[in-house]
Amino acid sequence: MNKRWLELSVGAMMVAGIAALVALALQVSGGSMRNVGHYPVSALFENAAGLGPKAKVTMAGVTIGEVVAVGIDPDTLMAEVRMQIYGQINYLSIDSSASILTAGLLGEKYVGITAGAEDDLLGAGDVIEDTQSALILEELIGQFLINLGDK
Amino acid sequence: MLRFVVDCIANLGAVLLHKLVQMGQALLMLLQATTVQPKASSLTRLIQQLYVVGVQSLIIILVSALFIGMVLGLQGFTLLSAYGSEQAVGQMVALTLVRELAPVVAALLFAGRAGSALTAEIGLMKATEQLASLEMFGIDPLHRIVAPRFWAGIISLPLLVAIFSLVGIYGGHLVAVEWLGVYSGSYWGNMQQAVDFNEDVLNGMLKALVFAFLISWIALYQGYSCLPTSQGISAATTRTVVYSSLAILGFDFILTALMFGGAV
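Along every chain, residues carry numbers that run from 1 in the direction the sequence is written. The naming scheme follows written order: chains are lettered A onward, ligands numbered 1 onward. Per-residue local features are limited, in this predicted model, to residues with pLDDT of at least 70; the limit for side-chain atom pairs, both in listing and counting, is 80 or more; totals at the level of whole chains, interfaces and linings are taken over all residues.

Asker: Help me understand the overall build of chain A in this model?
Answerer: Helix and strand counts for chain A stand at two helices and eight strands. Secondary structure elements follow DSSP: runs of H or I of four or more residues count as helices, runs of E of two or more count as strands, with numbering from the N terminus. Counted from the first residue to the last, chain A has its helices and strands arranged as α-β-β-β-β-β-β-β-β-α. Computation of the radius of gyration draws on C-alpha atoms alone. For the globule rule, the value is 2.2 Å times the number of residues to the power 0.38. In summary, chain A has a C-alpha radius of gyration of 23 Å against a globular reference of 15 Å for 151 residues, an excess of more than 25%. With respect to the principal axes defined by its C-alpha atoms, chain A has extents near 90 × 45 × 30 Å. Buried residues are those with 20 or more other C-beta atoms within 10 Å of their own C-beta, exposed residues have 12 or fewer, and partly exposed residues lie in between; C-beta atoms are placed from the backbone. Here chain A holds 151 residues, and the buried ones make up 21% of them.

Dropping the structure here:
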């Protein structure tokens, strides 16, 4: 075995392996590293059915964070949704509203944020006051059937 | 009767003690081989072993990655098109490969291709008393023979796994996009949305590193401790493949549970 050829092939393998890792970073994961810089925000919903950790938080259809935990707030007995908003989204006003939306008819639940008008900005640990609960298909169908029965 | 039960328990104890001694020996071997000041000439030996362990495993890794990616693309397409969401095939192929299949299948192939060869090589060196003659020259065979092979395994497998993932994803692209007509933009777009570099790609690499450690360790210890006969070498080679495969699958479950088990 020629020594030059040996070194060349080993070097080529190393380069190919590292190049593959770089390609995985850029092409496959789109260079997305979600865990860089974020601040916590929470919101109280009357009903957070179907929402869980890792659900998207969006504004105008663009992902700006993710849900960390869903629990019950012991004082108000409402669902407390804790979220992490990406650090670069630092211009949400304090009166922004949050609603739980569904992607498609049966798709996953996510939180949609609608920007408010105040000058004060939403900071770390703030609570979004204005919320709209999840749309529950069963309740909707029940309502529809009752309406149908009335006619 | 009582005698028989006592004998059984004693035998069990003896087996357990024997296994413990073996594990202790394996650990000592590893410690002695890895805690050594590297010399300039050890780099040459490392490159030599990287060629044997890594470069020569490339072909089998490339071919199996391509076919596994193609099968995933095909299966994913037929399954997902039943729900009208065949554009999610890219995401499925990429996540399956990056998180699970690339580390596990590459490690299994690596154990069969490189691990068994390492065991047989060292076993034969032992049987033909090459290791003993090295010691007579005052050269520690652990440093000279075992250490470069160990590091070569640790370096090669993660690289091979990265190559496996990428080739598999392009294999899936070949079938899903070029053949079955999924829109290329949604193949890559869905994938980029679903795959996270830290969480998925780096965790896959971490798995590869753990598997590389297990395979190299098992293969080298089996070779180093085998009976110096032809049956001994063949039994040690078999044990390398069996133990490595079981260790890979067992540790894969543990690692998956730790990484993606949804720590609540």
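Asker: Got a minute to help me understand the overall build of chain B in this structure?
Answerer: Scanning chain B for helices and strands turns up nine helices and zero strands. In sequence order, the secondary structure elements of chain B are arranged as α-α-α-α-α-α-α-α-α. When its C-alpha atoms are laid out on the principal axes, chain B stretches across 65 × 60 × 35 Å. Burial status across chain B gives 43% buried among its 264 residues. Our contact criterion uses C-beta atoms placed from the backbone: two residues qualify when those atoms are within 7 Å. Partitioning the contacts of chain B with sequence separation of at least 6, the portion at a separation of at least 24 is 87%.

Asker: For this particular structure, what's the right way to read the interface of chain A and chain B?
Answerer: It is common to give the size of an interface as the accessible area that goes away when the parts come together. At the junction of the two partners, chain A supplies 21 residues and chain B supplies 24 residues. Grouping the constituent residues of the side of chain A that touches chain B by class yields twelve nonpolar, seven polar and two charged. The residue classification treats Ala, Val, Leu, Ile, Met, Phe, Trp, Tyr, Cys and Pro as nonpolar and Asp, Glu, Lys and Arg as charged. All others, Gly included, are polar.

Asker: Help me understand the sheet that holds strand β6 (residues 109–114) of chain A in this model?
Answerer: Strands belonging to one sheet form pairs held by backbone hydrogen bonds; the direction of such a pair is parallel or antiparallel. Residues and elements named next belong to chain A. With mixed pairing, the eight strands of this open sheet are ordered in space as β7-β1-β4-β3-β2-β6-β5-β8. Looking at which strands have only one partner, the edges of the open sheet turn out to be β7 (127–128) and β8 (130–132). Strand pairing follows a simple DSSP-based rule, namely that at least 2 bridges must link the two strands. Relative to β6, strand β5 (residues 97–102) is paired through six bridges, and the arrangement is antiparallel. Residue pairing across strands places Ser97 opposite Thr114, the latter belonging to β6.

Asker: Teacher, can you tell me more about the nonpolar core here?
Answerer: Considering soluble globular proteins, one finds that nonpolar side chains tend to be buried as a cluster. Buried Ala, Val, Leu, Ile, Met, Phe, Trp, Tyr and Cys residues form a nonpolar core when they are connected through C-beta atoms within 7 Å. Grouped together as the largest cluster of nonpolar side chains are 79 residues, with contacts concentrated most on B:Ala106 and B:Ala107. Looking at this core, the elements with two or more residues in it are α1 (3–28) of chain A together with α2 (40–53), α3 (58–81), α4 (89–127), α6 (141–179), α7 (184–194), α8 (197–224) and α9 (230–260) of chain B. Among the elements that make up this core, the one with the highest residue count is α6(B) (21 residues). Excluding residues within four positions of it along the chain, B:Ala107 makes contact with B:Leu157, B:Ala208, B:Phe211, B:Ile215 and B:Ile248. Counting 20 residues, the second-largest nonpolar core is a separate cluster that includes A:Val57, A:Leu92, A:Ile113 and A:Ala134.

Asker: Please clarify how the domain arrangement of chain A should be interpreted in this entry.
Answerer: Residue ranges for the domains originate in an automatic or database domain assignment. Each domain of chain A was delimited in the assignment, giving domain 1 (1–32) and domain 2 (38–141). On a C-alpha basis, the centres of domain 1 of chain A and domain 2 of chain A stand 43 Å from each other.

Asker: I tried to follow the packing of α8(B) against α9(B) on my own but got confused; where do I start?
Answerer: Relative orientation and spacing of two packed helices are given, respectively, by the angle between their axes and the distance between those axes. Residues and elements named next belong to chain B. The axes are straight lines fitted to the C-alpha atoms, using for helices just the contacting stretch, and the angles between their N-to-C directions are given from 0 to 180°. Viewed as axis vectors pointing N to C, α8 and α9 meet at an angle of 155 degrees, and their least axial separation amounts to 9 Å. With respect to α9, the axis of α8 lies roughly antiparallel. In terms of crossing hand, the pair formed by α8 and α9 is right-handed. Between α8, through Asn203, Lys207, Val210, Phe211, Leu214, Ile215, Ile218, Ala219, Gln222 and Gly223, and α9, the contact on the second element is made entirely by Ala236, Arg239, Thr240, Tyr243, Ser244, Ala247, Ile248, Phe251, Asp252, Leu255 and Met259. Among the residues forming the contact of α8 with α9, the class breakdown is 13 nonpolar, five polar and three charged. Between 65 and 115 degrees an angle is taken as roughly perpendicular, under 35 as roughly parallel, over 145 as roughly antiparallel, and anywhere else as oblique. The handedness criterion is simple: a crossing whose near helix is rotated anticlockwise from the far helix by less than a right angle is left-handed, and one whose near helix is rotated clockwise is right-handed.

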